[in-house]
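# Close look at the chain arrangement
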Amino acid sequence: DLPASFPEIMRAMAEATIAAVPKRRPAGPARLTGLAYTLTNPDLQARGEDVAAQRYAEAVDWWRHAVPDERQLPMPPETLVRVLAALADGLTYQRLLTPALISDEVVYAAFAALAAATPAP
């Protein structure tokens, strides 16, 4: 199989984000409550940061394998994984809160904008 292009991967990420919304709806209130509590608890916040750092490192490895020529990416993979995580989570929870405003088209447009970004120098 040929590796997917960056735009194809961004399209798949948009599709996965859209598909995740109904699955996250039941846990949404508890997740948001947990995030709010984490902001008040430095130990929990540090643990969460450690978990996120490990996941980001794994994602960076994936990107380096999926797109070996980093010049095809709009930013270094270490930055890209953080941007993608924030984008997917933000779109997911904003869609749960304001479904009429965050349509499939908005989600596709967000990831397409990244796909169309000029690669990093």
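All figures in this text were calculated on a predicted structure; none of them were measured in a lab. (Residues numbered from 1 in each chain as written. Predicted model: local features only at pLDDT ≥ 70, side-chain atom pairs only at ≥ 80, totals over all residues. Heavy atoms only, no water.)

### Comments concerning the packing of helix α1 (residues 6-24) against helix α4 (residues 77-97)
Contact pair α1 / α4: the axes reach a minimum separation of 9 Å and the direction vectors enclose 35°. Both α1 and α4 take part in a crossing whose hand is right-handed. Every residue of α4 that contacts α1 at Phe6, Met10, Met13, Thr17, Ile18, Val21 and Arg24 is listed here: Leu80, Leu84, Ala88, Asp89, Leu91, Thr92, Tyr93, Arg95 and Leu96. Among the residues making up the contact of α1 with α4, the classes are represented as 11 nonpolar, 2 polar and 3 charged. (Axes fitted to C-alpha atoms, helices over the stretch in contact; angles between N-to-C directions. Helix = DSSP H or I, 4+ residues; strand = E, 2+ residues; numbered from the N terminus. Left-handed = near helix turned anticlockwise from the far one by under 90°. Contact = heavy atoms within 4.5 Å. Nonpolar A, V, L, I, M, F, W, Y, C, P; charged D, E, K, R; others polar.)

### Some details on the packing of aromatic side chains
To describe a pair of aromatic rings, one takes the distance between the centres and the angle between the planes. Applying the stated criterion to the full structure yields 2 aromatic pairs. Look at Phe6 and Trp63: their rings are 5.7 Å apart centre to centre, the planes differ by 55°, and that puts the pair in the tilted class. Of the two residues, Phe6 sits in helix α1 while Trp63 sits in helix α3 (residues 42-66), which places them 57 residues apart along the sequence. Of the two residues, Phe6 and Trp63, both sit in the buried class. A connected cluster of aromatic rings, assembled from ring pairs, spans Phe6, Trp62 and Trp63. Between the NZ or CZ atom of Arg11 and the centre of the ring of Tyr108, over which it lies, the distance is 4.1 Å. (Phe/Tyr/Trp six-rings, centres within 6.5 Å; stacked < 30°, edge-to-face > 60°. Buried < 20%, exposed > 50% of the residue type's maximum accessible area, 1.4 Å probe, protein only. Lys NZ or Arg CZ within 6 Å of the ring centre and 35° of its normal.)

### Quick notes on the pattern of salt bridges
Summed over all chains, the structure comprises 6 salt bridges. For the salt bridge of Arg64 with Glu78, the shortest nitrogen-to-oxygen distance reads 2.3 Å. Of this pair, Arg64 sits in helix α3 while Glu78 sits in helix α4; the two residues are 14 residues apart in sequence, bridging distant segments of the chain. The partner of Asp104 in a salt bridge is Arg95, and the shortest N-O contact between them spans 2.6 Å. By relative accessible area, Arg95 is classed as buried at 17%. Within the structure, one salt-bridge network assembled from shared partners comprises Arg64, Glu70 and Glu78. (Salt bridge = Lys/Arg side-chain N within 4 Å of Asp/Glu carboxyl O.)

Fair warning: the whole summary comes from geometry, so function is off the table for now.
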